[in-house]
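So the chains spell out like this:
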Amino acid sequence: MKGTILEKIIEAKRARIAAARRNFDLGGINRKADPNRFRKALSDRSKHNIIAEFKRASPSKGIINDSVGPAQTAANYRDAGAAAISILTEENFFKGSINDLLAVRDAVDLPILRKDFVIDEFQIHESAAIGADAILLIVAAIGVDELRHFCSLSDELGLDALVEVHDRAELEIAAEIGAKLIGINNRNLKTFEVSLDVSRELIKYAPPAAIMIAESGISSRDEIAELSDLGYSGFLVGESLMRSGDAAAALKAWL
């Protein structure tokens, strides 16, 4: 399989979607009774709103932590003060599963972000059906017209859409479609290199009305404080917590 890591992930995801269409019943999906829970949880700039992530593995680091379960980890995050939970559901490269999200949904009442590579509207209906409160939409993975349509469909289903960007051109696209939640990913999805300088630079061009989220590479309270001062309302942290040995204690220290 040739191409960048992102291209490989998307190729594998297309095959997964084809199988899911055959096996997953989307009947009976309605609008959420409490829409925009995820966005509301991240809107208070007076505190550090951490989106704590359950993440078993990654393409660049391999296995991060496969010895803990999603339900107990989410409960620990909740008790430590997380504003929301992010669940990796990509199967091939991140070793995730929608079953992880279902387990967390049963265990805690925090807003849940389904973190995956959304390239088909089926996945948005599926996310609503399994109880996600928000989905990740990666500008680098889909076209502008699809992005606009996916944001509109998410809104219809009561889901928040976290629109993820990696450079100024993608940020301008997110602003153009009126994204209400914008995630600045410090990880280059083509090389998987990480630098907080991405967040430091792109916040200068953030749309005034958007809630800004810093993603990837955050490993200390000082970094969170710095990014908060720059204008970020939320901080998606996964690998640092999953590797810490005591994610709840690490999260409490950062908060």
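Quantities reported herein were computed from a predicted structural model and do not represent experimental measurements. (Residues numbered from 1 in each chain as written. Predicted model: local features only at pLDDT ≥ 70, side-chain atom pairs only at ≥ 80, totals over all residues. Heavy atoms only, no water.)

Some points on the overall build of the protein chain
Within the protein chain, the secondary structure is distributed over 11 helices and 10 strands. For the protein chain, whose C-alpha radius of gyration is 17 Å, the value lies close to the compact-globule estimate of 18 Å for 255 residues. If one aligns the C-alpha atoms of the protein chain with their principal axes, the spans along those axes are about 45 × 45 × 40 Å. Here the protein chain, with 255 residues, has 55% of them falling under the buried criterion. Intrachain contacts of the protein chain at a sequence separation of at least 6 include 68% that bridge at least 24 residues. As displayed, the protein chain has an accessible area near 10,900 Å², and 46% of this comes from carbon and sulfur atoms. Of the charged side chains in the protein chain, 32 are positive and 38 negative, and the gap between their average positions amounts to 2 Å. (Helix = DSSP H or I, 4+ residues; strand = E, 2+ residues; numbered from the N terminus. Rg over C-alpha atoms; globule rule 2.2 N^0.38 Å. Buried < 20%, exposed > 50% of the residue type's maximum accessible area, 1.4 Å probe, protein only. Contact = heavy atoms within 4.5 Å. Areas by Shrake-Rupley, 256 points an atom, 1.4 Å probe, with all protein chains shown as cover. Lys, Arg positive; Asp, Glu negative; His and termini not counted. Charge placed at Lys NZ, Arg CZ, Asp CG, Glu CD.)

Topic: the side chain of serine 228
Tracing the backbone shows serine 228 in helix 9 (residues 221-230). Among residues more than four places away in sequence, those in contact with serine 228 are Arg45, His48 and Phe235.

Things to note about the environment of alanine 83
The residue alanine 83 is located in the loop between helix 3 (70-80) and strand 4 (84-88) in this model. Measuring from C-alpha to C-alpha, the distance between alanine 83 and alanine 52 comes to 7.8 Å, with 31 residues separating the pair along the chain. If sequence neighbours within four positions are ignored, alanine 83 has contacts with Ala41, Leu42, Asn49, Ile50, Leu110 and Pro111.

Quick word on the pattern of salt bridges
Following the criterion strictly, the structure yields 20 salt bridges and no others. Between arginine 243 and glutamate 239 there is a salt bridge, with the nearest N and O atoms lying 3.0 Å from each other. In this pair, arginine 243 and glutamate 239 are both assigned in helix 10 (residues 239-243), 4 residues apart and thus about one turn of the helix distant. (Salt bridge = Lys/Arg side-chain N within 4 Å of Asp/Glu carboxyl O.)

Section: the sheet that holds strand 5 (residues 112-115)
To summarise the sheet geometry, strands pair through backbone hydrogen bonds and adopt either a parallel or an antiparallel arrangement. Taken in spatial order, the 8 strands close into a barrel running 1-4-5-6-7-8-9-10, and their pairing is parallel. The average angle at which neighbouring strand axes cross in this sheet is 25 degrees, direction not considered. (Pairing = 2+ DSSP bridges. Axes fitted to C-alpha atoms, helices over the stretch in contact; angles between N-to-C directions.)

Quick notes on unusual backbone geometry
Despite not being glycine, lysine 95 has its phi angle at roughly 60 degrees, a positive value. Turning to its location among the elements, lysine 95 is positioned in the loop between strand 4 and helix 4 (98-107). The class of lysine 95 is partly exposed, set by a relative accessible area of 42%. Non-glycine residue serine 216 carries a positive phi angle of around 75 degrees. Looking at where serine 216 falls in the secondary structure, it is placed in the loop between strand 9 (211-215) and helix 9.

Focus on helix 1 (residues 5-23)
Here helix 1 spans 27 Å end to end across 19 residues, near enough to the 27 Å set by a 1.5 Å rise per residue. Taken as a whole, helix 1 has its buried residues at Leu6, Ile9, Ile10, Ala12, Lys13, Ile17 and Ala20. Buried residues belonging to helix 1 abut helix 5 (121-129). (Expected span 1.5 Å × (residues − 1).)

Thoughts on the nonpolar core
Grouped together as the largest cluster of nonpolar side chains are 87 residues, with contacts concentrated most on Tyr77, Ile182 and Leu241. Contacts of tyrosine 77, omitting those with residues within four sequence positions, involve Ala52, Glu53, Phe54, Ala82, Ile85, Leu241, Met242, Ala247 and Leu251. (Core = buried A, V, L, I, M, F, W, Y, C linked by side-chain atoms within 4.5 Å.)

Re the side chain of threonine 89
Topologically, threonine 89 is positioned in the loop between strand 4 and helix 4. There is a polar contact of 2.9 Å between the side chain of threonine 89 and the side chain of arginine 114. Sequence-distant contacts of threonine 89, defined by excluding residues within four places in its chain, comprise Lys13, Gly96, Ser97, Ile98, Leu101, Arg114, Lys115 and Asp116. (Polar contact = N/O pair within 3.5 Å; in protein donor to acceptor, adjacent residues only side chain to side chain.)

Re the pairing of strand 4
For strand 4, the buried fraction is high: 5 of the 5 residues fall into the buried class. Burial along strand 4 is two-sided: Ala84, Ser86 and Leu88 and Ile85 and Ile87, pointing in opposite directions, are all buried. Pairing of strand 1 (residues 49-54) with strand 4 involves 4 bridges; the strand directions are parallel. Counted as the bridge partner of glutamate 53 is serine 86 from strand 4.

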